[in-house]
Amino acid sequence: MALIELDGISKIFTVGGATIPAVDNVSLRIERGDFLSIVGHSGSGKTTLLSIIGGIIRPSSGRVLFEGADICPMADDDLSTYRSEKVGFMFQFASLLPMLTVKENVLLPGLFRQERDARDKKMAEEYLSLVGISEKINAYPSQLSGGQQRRVAIARALVYEPQIVLADEPTGDLDEETEMSVMELFRRLNSEKQITFILITHNLELAKMAQRQFRMTQGRLA
Ligand SMILES: Nc1ncnc2c1ncn2[C@@H]1O[C@H](COP(=O)(O)OP(=O)(O)OP(=O)(O)O)[C@@H](O)[C@H]1O
Ligand SMILES: [Mg+2]
């Protein structure tokens with residue numbers, strides 16, 4: 001069974017009487033352990049599609065099957081369980097909570113999970129070290145540079161080792177060397193732990209490192 005199957009997904013936004021077909025009839029099979037990249041012009045629907053897969057927005061039509069079960073008709077509670085237990089989301093804009101420390105931000109997804117223990121804290125330390133930011137563990141987001149905040153957000157999406165990581169321009173504000181080390185981390189987690197990745201990027205070199213490469217054009221995926 002595919003990990004995720006998109007079946008005729010469309011999303012139409014309505015703004016002041018105008019309709020915007022952000023995602024237009026996208027069908028896609030994603031197997032466990034896949035590594036997909038998506039490139040495409042600004043406004044082509046990439047973030048919208050990723051948000052639909054992550055259960056953040058609901059499609060106007062179509063189905064999103066996760067391990068065979070459609071997430072679209074789920075009640076909000078079940079959808080938030082899906083988000084917190086199966087999905088690691090790296091938002092296009094890093095979105096750390098300013099009143100929490102780096103470590104607390106990384107542990108945030110755990111607040112919505114059933115089991116929490118000392119292991120979580122070790123994992124937070126481990127992933128912050130993997131993204132090269134151990135020394136900032138007790139700092140607040142406002143005390144970090146943009147790229148450092150970005151790396152905290154990356155650690156946060158990985159710390160519970162979700163089944164699928166949805167990464168929306170995760171390395172846009174990193175220098176080339178740091179960007180490459182993040183990409184290496186993704187590839188290692190992909191091959192060693194079978195974590196599935198969907199990476200949106202404007203960097204064609206990074207896009208080419210994926211197993212399967214897609215381009216989004218006006219809501220359509222090819
Ligand atoms: N909440 C919303 N309400 C109305 N229109 C929206 C909304 N979100 C996105 N759109 C529109 O849907 C289209 C696709 O937007 P989306 O954010 O998915 O593009 P994108 O490919 O991620 O672009 P970028 O590369 O700039 O991040 C755009 O025309 C955008 O204006
Ligand atoms: Mg976007």
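In the block above lies the structure referred to throughout.
The following refers to the structure shown.

What counts, and at which threshold
Residues numbered from 1 in each chain as written. Chains lettered and ligands numbered in written order. Predicted model: local features only at pLDDT ≥ 70, side-chain atom pairs only at ≥ 80, totals over all residues. Heavy atoms only, no water. Donors = N, O, S within 2.8 Å, 3.2 Å for Na, K, Ca; no water. Helix = DSSP H or I, 4+ residues; strand = E, 2+ residues; numbered from the N terminus. Buried < 20%, exposed > 50% of the residue type's maximum accessible area, 1.4 Å probe, protein only. Pairing = 2+ DSSP bridges. Contact = heavy atoms within 4.5 Å. Axes fitted to C-alpha atoms, helices over the stretch in contact; angles between N-to-C directions. 1 Å grid on protein atoms, 1.4 Å probe; cavity = no way out; pocket = protein on both sides within 12 Å on 5 of 7 lines; lining within 4 Å. Points joined across faces, edges and corners; volume = space filled by probe spheres on them. Nonpolar A, V, L, I, M, F, W, Y, C, P; charged D, E, K, R; others polar. Expected span 1.5 Å × (residues − 1). Polar contact = N/O pair within 3.5 Å; in protein donor to acceptor, adjacent residues only side chain to side chain.

1. Concerning the coordination of the magnesium ion (ligand 2)
Thinking step 1. Of the protein atoms, only T47 (OG1) and Q92 (OE1) coordinate the magnesium ion (ligand 2), at distances of 2.0 to 2.5 Å. With T47 in helix α1 (residues 46-53) and Q92 in the loop between β6 (87-90) and α3 (102-107), this pair connects stretches of sequence that are 45 residues apart.
Thinking step 2. A residue is classified by how much of its surface remains accessible, and T47, at 32% relative accessible area, is partly exposed.

2. Details of the sheet that holds strand β1 (residues 4-15)
Thinking step 1. A sheet is described by the order of its strands in space; here four strands give the open sequence β2-β1-β4-β5, paired in antiparallel fashion. Two strands bound the open sheet, and with one partner strand each, they are β2 (18-30) and β5 (69-70).
Thinking step 2. Relative to β1, α1 is tilted by about 125°, and along the sheet it contacts β1, β2 and β4 (61-66).

3. Focus: the layout of surface pockets
Thinking step 1. By volume, the second largest pocket is sized at about 170 Å³.
Thinking step 2. Looking at the second largest pocket, the residues that line it are F13, A22, S42, G43, S44, G45, K46, T47, T48, Q92, D168 and H202.
Thinking step 3. The dominant element in the lining of the second largest pocket, judged by the number of residues it contributes, is α1, at three residues.
Thinking step 4. Residue composition of the lining of the second largest pocket, grouped by class: two nonpolar, eight polar and two charged.

4. Some words on helix α6 (residues 176-193)
Residues spaced three or four apart along an α-helix face the same direction, because each turn holds 3.6 residues.
Thinking step 1. Relative to the 26 Å expected for 18 residues at 1.5 Å per residue, α6 spans 25 Å between its end C-alpha atoms, a close match to the ideal helical length.
Thinking step 2. Between the side-chain oxygen at the start of α6 and the backbone nitrogen of E177 there is a gap of 3.1 Å, and the oxygen is on D175.
Thinking step 3. After α6 finishes, the residue Q194 shows a positive phi value of roughly 60°.

5. Examining the sheet that holds strand β3 (residues 35-40)
Sheet strands associate in pairs through backbone hydrogen bonding, adopting either a parallel or an antiparallel arrangement.
Thinking step 1. Pairing is mixed across the open sheet formed by six strands, whose spatial order is β6-β7-β8-β3-β9-β10. Among the strands making up the open sheet, the edge pair consists of β6 and β10 (220-221).
Thinking step 2. In terms of strand pairing, β3 meets strand β9 (residues 212-217) through five bridges, oriented parallel. By the bridge assignment, V39 is partnered in β9 with R215.
Thinking step 3. Across the face of the sheet, helix α5 (residues 146-158) comes into contact with β6, β7 (164-168) and β8 (196-200) while running at roughly 170° to β6.

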